[in-house]
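Here is what each chain is made of, one letter per residue.
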Amino acid sequence: MTTSTQADRPTKKPRTETNAKKPRARFAEPTSAKEPSQKKKVTLVEEVVPPPKNKGKAKETNPLGIDSINEDLPSTFKIVAGSYEKLLYGVEGKTTYSDDAKLQFHLKPIFAFPAHVSCIKAVASSPQGGKWLATGSADEIIKVWDLRRRKEIGGLMHHEGLYFSTPILSKRRLTITSGSITHLTFPSRSHLLSASEDGTLCLFRARDWAVLRTLKGHKGRVNSMSVHPSGKVALSVGKDRALRMWDLMRGKGVASTKLGKEGEIVRWSVDGKLFAVQSGSTIDIYNTEMTLLHTIQHPSRVHDVKFCKRVLGEDEVLLVGAEDKKLSVYDMPEDASRLPSIIAQMIGHGNRVKAIQTLRIALPPSCSRTSTTVVTTVCTDGKIRLFDLHSVPATSSEVTEIKADAEYDTKGTRLTCVTLADGDVSESKATNGKRKYDEDEGSGEDDSDEFGEMDSNSHEEDEEDEAEVEEEEEEEAEED
């Protein structure tokens, strides 16, 4: 009988970083970028989002910045706005080119109904088709709607208020944490990201609306968040006066820094090289190295800001809605030493401008232009207004005043938030072999003024078919 010594036994291979199981990516496959270090200074975004590699032949670009082929641009659009009165309004927009060579915008109401039991604080629509609509309320519920069919899918109740007792001086004190929804956004058509007063951000998968990640780090209410154009990182600000960065690929926080004041809004620029943090009437512009480039002192308190690319050219502008009843347009010069200045103001609002959204659309074939960008605003005077960004001058020594091209009156409802969703696609895209939904799925033919109850039996097969199509499209996008 022989005995084996410890030296004869095979040694167990140690677990190292190279053979450890890597976390599964949520938006894309993990890259070879180095893991950001935990420092007080915000980590460079380039460390988390490496520059994309050029694959294949480069696309031909128009020197004026106008798309010559608008296969991906919708010819119509939908505006959805929420209000303090718990009402959700839907308006369909389209453009026509008259015989007198004038571009006209038309708005037609398609629904108006009470969507929540408390005020609606956030709305968001999915990109690339505008199928999903998400609404968030002070009732702590995120409701999901099929915007094409005008049907309610269900409610997401992951953000819930916490009730717990805290010992203070040998006494018990009841503390209530609200789960009110503060912000919603679709980083992609297959994911939804939400922020709440409970101090967390949640990442949902649109296929089955399962919670993929709960991002914790803020000590108090999360006021706003913004996803990088790459879809891989996000920034958030909250009551704790901190700016936090989140790695959405790995589902965790990577950096944070103290702002010294409570940030109310944070927004990435279109190219992802800058971001803005708003507090009161002050807007701070930072680059990705967390270097403060400019501090804009707006004349009145700011309620919403948004970066947008010009219709002509590649430069960007900063849209600012505020208490002064105007939507101010700031020029964002490429030279970082130049302070942004107001070059135009979109006027006509009867009260404070609460929210802003933009969308690039295709214009009728008879129009001299092929595309434009529409800007929609909601105001506490109860009106939804639509502006054409093409009216903003390239350079001007004086501030240009721009009037609304169209408006819809909700008869005094105090509007709080707005989103823009794709409507019908252009004819070129409808004939390129991809699936185009029927007109009766929500393109305006349905005369009902409310979202009907979802019948799980009647639409079960249709939803399964659509889910399969979306999965195939997502797989193709990931491979690309």
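Cut-offs used in this document
Residues numbered from 1 in each chain as written. Predicted model: local features only at pLDDT ≥ 70, side-chain atom pairs only at ≥ 80, totals over all residues. Heavy atoms only, no water. Buried < 20%, exposed > 50% of the residue type's maximum accessible area, 1.4 Å probe, protein only. Helix = DSSP H or I, 4+ residues; strand = E, 2+ residues; numbered from the N terminus. Pairing = 2+ DSSP bridges. 1 Å grid on protein atoms, 1.4 Å probe; cavity = no way out; pocket = protein on both sides within 12 Å on 5 of 7 lines; lining within 4 Å. Points joined across faces, edges and corners; volume = space filled by probe spheres on them. Nonpolar A, V, L, I, M, F, W, Y, C, P; charged D, E, K, R; others polar. Axes fitted to C-alpha atoms, helices over the stretch in contact; angles between N-to-C directions. Salt bridge = Lys/Arg side-chain N within 4 Å of Asp/Glu carboxyl O. Phe/Tyr/Trp six-rings, centres within 6.5 Å; stacked < 30°, edge-to-face > 60°. Contact = heavy atoms within 4.5 Å.

With that settled, consider the pairing of strand β20 (residues 282–287). The element β20 is largely enclosed, with a buried count of six among its six residues. Residues Thr282, Asp284 and Tyr286 point to one face of β20 and Ile283, Ile285 and Asn287 to the other, with burial holding for every one of them. As paired strands, strand β19 (residues 274–279) and β20 are joined by six bridges and run antiparallel to one another. Each residue of the ladder has a partner; that of Val277, found in β20, is Asp284. Here β20 runs beside strand β21 (residues 292–297); their pairing, made up of five bridges, is antiparallel.

On to the layout of surface pockets, then. Taken as a whole, the second largest pocket spans an internal volume of roughly 440 Å³. Going through the elements one at a time, β21 and β22 (302–309) are the ones with two or more residues in the lining of the second largest pocket. Grouping the amino acids of the lining of the second largest pocket by side-chain chemistry returns eight nonpolar, two polar and nine charged.

Read across the sheet, four strands follow the order β10-β11-β12-β13 without closing on themselves; strand pairing throughout is antiparallel. Whereas interior strands pair on both sides, the edge strands pair on one side only; in this sheet they are β10 (181–188) and β13 (210–216). Ignoring strand direction, the axes of neighbouring strands in this sheet form an average angle of 20°. Relative to strand β11 (residues 191–196), β10 is paired through five bridges, and the arrangement is antiparallel. Residue pairing in the sheet places His183 in a bridge with Ala195 of β11.

Here we come to the pattern of salt bridges. Summed over the entire model, instances satisfying the criterion amount to 19 salt bridges. Where Lys143 meets Glu152, a salt bridge forms, and the shortest distance between an N and an O atom there is 3.9 Å. Judged by relative accessible area, which is 24%, Glu152 ranks as partly exposed. Two residues, Asp240 and Arg244, come together in a salt bridge whose shortest N-O distance is 3.9 Å. In this pair, the class of Asp240 matches that of Arg244, namely buried.

For Lys86, which is not glycine, the phi torsion reads 70° and is therefore positive. Note that Lys86 resides in the loop between β1 (76–83) and β2 (87–97). The exposure class of Lys86 is partly exposed, given its relative accessible area of 35%. Phi at Trp209 takes a positive value of approximately 60°, unusual for a residue other than glycine. Its place among the elements puts Trp209 in the loop between β12 (200–205) and β13. Using a relative accessible area of 14% as the deciding quantity, one classes Trp209 as buried.

What follows concerns the packing of aromatic side chains. Scanning all chains against the criterion turns up five aromatic pairs. On the basis of an interplanar angle of 55° and a centroid distance of 5.8 Å, the ring pair of Phe111 and Phe113 is categorised as tilted. For the pair Phe111 and Phe113, a shared accessibility class is recorded, and that class is buried. For the pair Trp132 and Trp209, a centre-to-centre distance of 5.4 Å together with 85° between the ring planes defines the contact as edge-to-face.

Once that is clear, we can look at the sheet that holds strand β14 (residues 222–227). An order of β14-β15-β16-β17 is seen for the four strands of this open sheet, with the pairing classed as antiparallel. Since the sheet does not close on itself, it has two edges, and those belong to β14 and β17 (252–258), each with one partner. Averaged over all pairs of adjacent strands, the angle between their axes in this sheet comes to 20°, without regard to strand direction.

So, about the environment of Leu386. Structurally, Leu386 is set in strand β28 (residues 383–388). Taking the C-alpha atoms as reference points, Leu386 and Ala406, separated by 20 residues in sequence, lie 5.2 Å from one another. Excluding anything up to four places from it in sequence, Leu386 contacts Phe77, Ile79, Phe105, Leu107, Val374, Val375, Thr376, Ala404, Asp405 and Ala406.

Next up on the list: the pairing of strand β24 (residues 327–332). With respect to burial, β24 is a largely interior element, six of its six residues being buried. What you see with β24 is no split at all: Leu327, Val329 and Asp331 on one side and Ser328, Tyr330 and Met332 on the other are buried throughout. Relative to β24, strand β23 (residues 316–322) is paired through six bridges, and the arrangement is antiparallel. Note on β24: the bridge partner recorded for Leu318 is Tyr330.

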